[in-house]
Amino acid sequence: MWTLDASAEVPLWRPADRDPEVVLAFSTRRGGVSAAPYDSLNLGRSTGDRAEDVTKNRRRLLHALALDHDRLATAGQMHGVRVVAVEAPGHTPACDALLTRRPGVPLAVSTADCMSLLFHATGTVAAAHAGWRGTADGIPRATLLALCAAAGVAPQRVTVHLGPCIRACCYEVGDDVARRFPAAAVRRAGAAWHLDLPHAARLQLLEAGLPPDSLHDSGACTACDASWYYSHRRDRGRTGRHWGIVALRA
Ligand SMILES: [Zn+2]
């Protein structure tokens with residue numbers, strides 16, 4: 001259901017079927033103003049990039065989505081499992097997931113290999129940042145359950161969207177990380193393990209009651225494709241950030 005509109009001024013992953021209630025998107029590295037190694041649509045402030053370029057990029061993305069930059073809500077992203085409900089724009093430091101029932105408040109999580117997971121049930125949206133640690137500790141499940149509680153619905157009424165992230169093809173991990181995951185989410189490759197982080201999230205969400213058809217995955221690997229994506233691992237930390245972004249239409 002996800003398609004990359006590569007020819008747009010700001011190329012974005014968008015749902016093929018647009019829901020009239022919700023705006024959903026995943027950004028790529030293209031379409032912005034930042035210079036190398038942050039070229040070009042870097043949305044992360046916690047990088048070595050120029051702050052004014054990051055702000056220009058954020059405005060450009062939000063404009064392309066017809067969302068208001070001044071209404072934006074962002075999360076501190078500590079690799080934890082805390083989900084915070086927000087009513088107003090602004091930065092919430094100590095959390096990895098945001099949820100809101102307020103139309104016109106875009107929720108954004110930034111990533112450069114980690115997963116961004118976007119959640120929607122009628123009248124409620126959430127966005128979660130999930131690397132291996134947050135996933136092992138249960139943030140996909142925690143966000144699903146928090147959304148269900150806030151919306152007053154069962155997991156059967158929720159849809160979840162998974163953006164570009166590092167995939168099993170590229171994600172080598174050691175024994176200490178591999179043993180935190182179910183066997184179905186890791187595979188041996190010589191002396192190392194390869195972690196399938198999206199599959200780990202999928203297993204966790206299905207176990208919590210999400211129907212298999214309600215998880216929509218972009219399928220893109222950030223580490224495989226340097227022309228489209230930032231990758232913290234491939235670029236050894238000197239790289240930009242994409243966003244997963246979700247909003248109820250104002
Ligand atoms: Zn890959």
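Summarised in this report is the structure supplied together with it. Everything quoted here is computed from the prediction, not taken from an experiment.

### Observations concerning the sheet that holds strand β14 (residues 192-195)
Thinking step 1. One open sheet accounts for 3 strands, arranged β12-β14-β13; its pairing is antiparallel. Looking along the sheet, the strands with just one partner apiece sit at the ends: β12 (172-173) and β13 (186-189).

### Looking at the side chain of Thr 92
Thinking step 1. With respect to the helices and strands, Thr 92 occurs in strand β6 (residues 90-92).
Thinking step 2. Residue classification places Thr 92 among the buried positions, given a relative accessible area of 17%.
Thinking step 3. Once residues lying within four places of it in the same chain are set aside, the contact partners of Thr 92 are Thr 74, Ala 75, Gly 76, Val 84, Val 86 and Leu 98.

### Remarks on the side chain of His 194
Thinking step 1. Here His 194 lies in strand β14.
Thinking step 2. Within the structure, His 194 has its side chain in polar contact with the backbone oxygen of Ala 168 (distance 2.6 Å).
Thinking step 3. With sequence-adjacent residues up to four places away left out, His 194 is seen in contact with Ala 168, Cys 169, Cys 170, Tyr 171, Glu 172, Ala 185, Val 186, Arg 187 and Ala 189.

### With respect to the packing of aromatic side chains
Thinking step 1. A complete count under the given rule lists 1 aromatic pair for this structure.
Thinking step 2. Note on Trp 2 and Phe 26: the rings are 4.6 Å apart at their centroids and 45 degrees apart in plane angle, and the pair reads as tilted. Of the two residues, Trp 2 sits in strand β1 (residues 2-5) while Phe 26 sits in strand β3 (residues 22-27), which places them 24 residues apart along the sequence.
Thinking step 3. Classification of Trp 2 as buried rests on a relative accessible area of 8%.
Thinking step 4. Looking at Arg 30, its charged tip hangs above the ring of Trp 228, at a distance of 3.5 Å from the centre.

### Details of the coordination of the zinc ion
Thinking step 1. Looking at the metal site, the zinc ion is ligated by Cys 169 (SG), Cys 170 (SG), Cys 221 (SG) and Cys 224 (SG), spaced 2.3 Å from it.
Thinking step 2. Angles of 104 to 118 degrees at the metal separate the 4 donor atoms of the zinc ion, which places the site in the tetrahedral class.
Thinking step 3. Spacing between the donor residues of the zinc ion along their common chain follows C-C-x50-C-x2-C. Of this pair, Cys 170 sits in the loop between β11 (159-162) and β12 while Cys 224 sits in the loop between β15 (215-217) and β16 (242-248), placing them 54 residues apart in sequence.
Thinking step 4. For Cys 170, a relative accessible area of 25% corresponds to the partly exposed category.

Thresholds applied
Residues numbered from 1 in each chain as written. Predicted model: local features only at pLDDT ≥ 70, side-chain atom pairs only at ≥ 80, totals over all residues. Heavy atoms only, no water. Pairing = 2+ DSSP bridges. Helix = DSSP H or I, 4+ residues; strand = E, 2+ residues; numbered from the N terminus. Buried < 20%, exposed > 50% of the residue type's maximum accessible area, 1.4 Å probe, protein only. Contact = heavy atoms within 4.5 Å. Polar contact = N/O pair within 3.5 Å; in protein donor to acceptor, adjacent residues only side chain to side chain. Phe/Tyr/Trp six-rings, centres within 6.5 Å; stacked < 30°, edge-to-face > 60°. Lys NZ or Arg CZ within 6 Å of the ring centre and 35° of its normal. Donors = N, O, S within 2.8 Å, 3.2 Å for Na, K, Ca; no water. Tetrahedral: all angles 85-135°; square planar, octahedral: opposite > 155°, others 65-115°.

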